[in-house]
Amino acid sequence: MTEQRVCLVTGVGPGTGAALVRRFAKEGYKVAMLARSADRLAELESEIDNATAFVCDVTDTAALTQTVRAIRDTLGAPHVVVHNAVGGAMGNFREIAPEVLENNFRINTLALLHLAKLTVDDMIEAGAGVILCTGNTSAYRGKANFAGFAPTKAAQRILVESIARDVGPLGVHAAFVAIDAVIDVPWTRKAFADRPDDFFCQPDDIAQICLDVAHQPR
């Protein structure tokens with residue numbers, strides 16, 4: 001790459017988020033890592049070259065705005081934005097508190113809206129850019145115990161489609177990557193302890209697909 005581009009990743013945890021950071025950094029990107037855990041980010045920052053930590057709660061619009069500005073000032077305008085932060089909850093519609101659904105909507109959908117609005121102008125000016133969202137099967141179906149979660153992922157998917165139709169003709173690629181699998185992280189290994197290794201989807205494989213989608217021909 002003749003120019004070192006910037007990738008912004010939200011929801012950098014021990015699974016998919018960390019894998020995304022490693023894969024884009026390996027590709028030569030300067031990666032801005034966003035999460036609420038300063039300790040986790042500091043650990044990854046010490047392990048991964050070209051990765052910079054930015055502690056941020058994506059539901060805090062003012063903090064998210066300041067963080068994106070700080071990334072632009074220190075690393076440059078993001079060329080790729082991967083919204084990987086996720087809010088989830090289990091329970092049927094009679095059990096969940098409305099506040100749970102509202103908070104998940106703020107994480108999954110509103111944060112995506114703000115991220116896109118904060119970064120897309122630079123992409124349009126450059127004539128290129130990518131807005132990706134890691135999703136899951138809940139965006140396509142409403143199972144009984146996913147009432148506090150699935151509606152927000154469905155809204156997220158539709159928002160990505162709306163963004164794609166709007167700025168795609170201007171050179172900005174927007175895509176929703178649906179992960180129809182159980183991701184291999186410690187809590188899923190515990191929850192599905194009787195399952196074989198090949199039951200789980202590997203975070204590194206997800207990261208590779210996201211990189212491929214970000215670089216796919218227009």
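Our structure is the block above this text.
Reading guide: rules and limits
- Throughout this document, residue positions are counted from 1 along each chain, in the order its sequence is written.
- Side-chain atom pairs in this predicted model are given and counted only at pLDDT of 80 or more, local residue features only at pLDDT of at least 70, and totals for whole chains, interfaces and linings cover all residues.
- Excluding hydrogens and water, the side-chain figures rest on all heavy atoms present in the structure.
- The helix and strand labels rest on DSSP assignments: H or I over at least four residues marks a helix, E over at least two residues marks a strand, and numbering proceeds from the N terminus.
- Each radius of gyration reported is based on C-alpha atoms, and the globular scaling rule is 2.2 Å times the count of residues to the power 0.38.
- Only protein chains enter the area calculation, which uses a 1.4 Å probe; residues under 20% of their type maximum are buried, those over 50% are exposed, and those in between are partly exposed.
- Working rule for contacts: check all heavy atoms of both residues, and any pair within 4.5 Å makes them a contact.
- Areas reported as accessible are Shrake-Rupley estimates using a 1.4 Å probe. Residue values count occlusion only from the protein chains shown.
- As used throughout, the charge tally considers Lys and Arg to be positive and Asp and Glu to be negative, leaving His and the chain termini uncounted.
- Charge positions are represented by NZ for Lys, CZ for Arg, CG for Asp and CD for Glu.
- Working convention: axes come from line fits to C-alpha atoms, limited for helices to the stretch in contact. Angles between N-to-C directions cover 0 to 180 degrees.
- Roughly parallel refers to an angle under 35 degrees, roughly antiparallel to one over 145, roughly perpendicular to one between 65 and 115, and oblique to any angle outside these ranges.
- Definitions for this section: a left-handed crossing has its near helix turned counterclockwise from the far helix by less than a right angle. A right-handed crossing has that turn clockwise.
- One requirement defines pairing of two strands: DSSP has to find at least two bridges between them.
- Here is how to tell: hold the view so the strands point away, follow the path from the first strand over the helix to the second, and if it runs clockwise the crossover is right-handed.
- Only rings of Phe, Tyr and Trp enter the pairing, Trp through its six-membered ring, and a pair is recorded when the two centres are within 6.5 Å. The plane angle decides the type: under 30 degrees is stacked, over 60 is edge-to-face, the rest tilted.

Further remarks concern the overall build of the protein chain. Of the regular secondary structure elements, the protein chain holds 7 helices and 8 strands. Its C-alpha radius of gyration of 17 Å places the protein chain within 12% of the 17 Å reference for a compact globule of 218 residues. The dimensions of the protein chain, computed from C-alpha atoms along their principal axes, are 50 × 35 × 35 Å. Of all 218 residues assigned to the protein chain, the portion counted as buried reaches 48%. Of the contacts formed within the protein chain by residues at least 6 apart in sequence, a portion of 64% connects residues at least 24 apart. In the structure as shown, the protein chain presents an accessible area of about 11200 Å², 51% of it carried by carbon and sulfur atoms. In the protein chain, which carries 21 positive and 26 negative side-chain charges, the distance between the mean positions of the two groups comes to 4 Å.

Looking now at the environment of Gly-88. With respect to the helices and strands, the residue Gly-88 is situated in the loop between β4 (80–83) and α4 (98–126). Classification of Gly-88 by relative accessible area gives exposed; the value is 52%. Sequence separation between Gly-88 and Phe-149 is 61 residues, and the spatial gap between their C-alpha atoms is 5.1 Å. If we ignore the near neighbours within four places in the chain, the residues touching Gly-88 are Asn-104 and Phe-149.

This next bit is on the packing of helix α3 (residues 61–74) against α4. Across the interface, α3 lies against α4 with an axial gap of 10 Å and an inter-helix angle of 30°. Classed by the angle they form, the pair α3 and α4 counts as roughly parallel. Between α3 and α4 the crossing geometry is right-handed. Two secondary-structure elements touch here, α3 through Thr-61, Leu-64, Thr-65, Val-68 and Arg-72 and α4 through Ala-111, His-114, Leu-115, Leu-118, Thr-119 and Asp-122.

The subject of this paragraph is the side chain of Arg-157. Note on placement: Arg-157 falls in helix α5 (residues 150–167). Note on Arg-157: relative accessible area 17%, which makes it buried. If we ignore the near neighbours within four places in the chain, the residues touching Arg-157 are Ala-139, Tyr-140 and Phe-176.

Moving on, we get to the sheet that holds strand β3 (residues 51–55). Taken in spatial order, the 6 strands make up an open sheet running β3-β2-β1-β4-β5-β6, and their pairing is parallel. Taken across any chain shown, the strands that pair with only one partner, and hence form the sheet edges, are β3 and β6 (172–179). Mean inter-strand twist for the sheet, computed between neighbouring axes without regard to direction, equals 15°. Examined bridge by bridge, strand β2 (residues 30–35) and β3 share 5 bridges and lie parallel to one another. The residue of β3 that forms the bridge with Val-31 is Ala-51. Contacts between α4 and the sheet are confined to β1 (6–9), β4, β5 (129–136) and β6, with β4 contributing the most and set at about 180° to the helix.

Looking now at the pairing of β4. Here β4 shows a buried face lined by Val-80 and Val-82 and a second buried face lined by Val-81 and His-83. Where β1 meets β4, 3 bridges bridge the pair, whose relative direction is parallel. Along β4, the bridge assignment pairs Cys-7 with Val-80. With 4 bridges joining them, β4 and β5 adopt parallel strand pairing. From the neighbouring strand, Val-82 faces β5, where its bridge partner is Leu-132. One crossover worth recording links β4 to the parallel β5 by way of α4, and it is right-handed.

Now for the packing of aromatic side chains. For any pair of aromatic rings, the description consists of the separation of the ring centres together with the inter-plane angle of the planes. This model, assessed by the stated rule, comprises 5 aromatic pairs. Measuring from centroid to centroid gives 6.4 Å for Tyr-140 and Phe-176, while their planes differ by 70°, and the two rings are edge-to-face. Linking Tyr-140 in the loop between β5 and α5 with Phe-176 in strand β6, this pair joins segments that are 36 residues apart in sequence. By relative accessible area, which is 16% here, Phe-176 ends up buried. Taking 6.2 Å as the distance between ring centres and 45° as the angle between the ring planes, the aromatic pair formed by Phe-146 and Phe-149 counts as tilted. Residue classification places Phe-146 among the partly exposed residues on the basis of a relative accessible area of 23%. Overall, Phe-149 belongs to the buried group, its relative accessible area being 9%. Among the aromatic side chains, those forming a connected cluster through ring pairs are Phe-192, Phe-199 and Phe-200.

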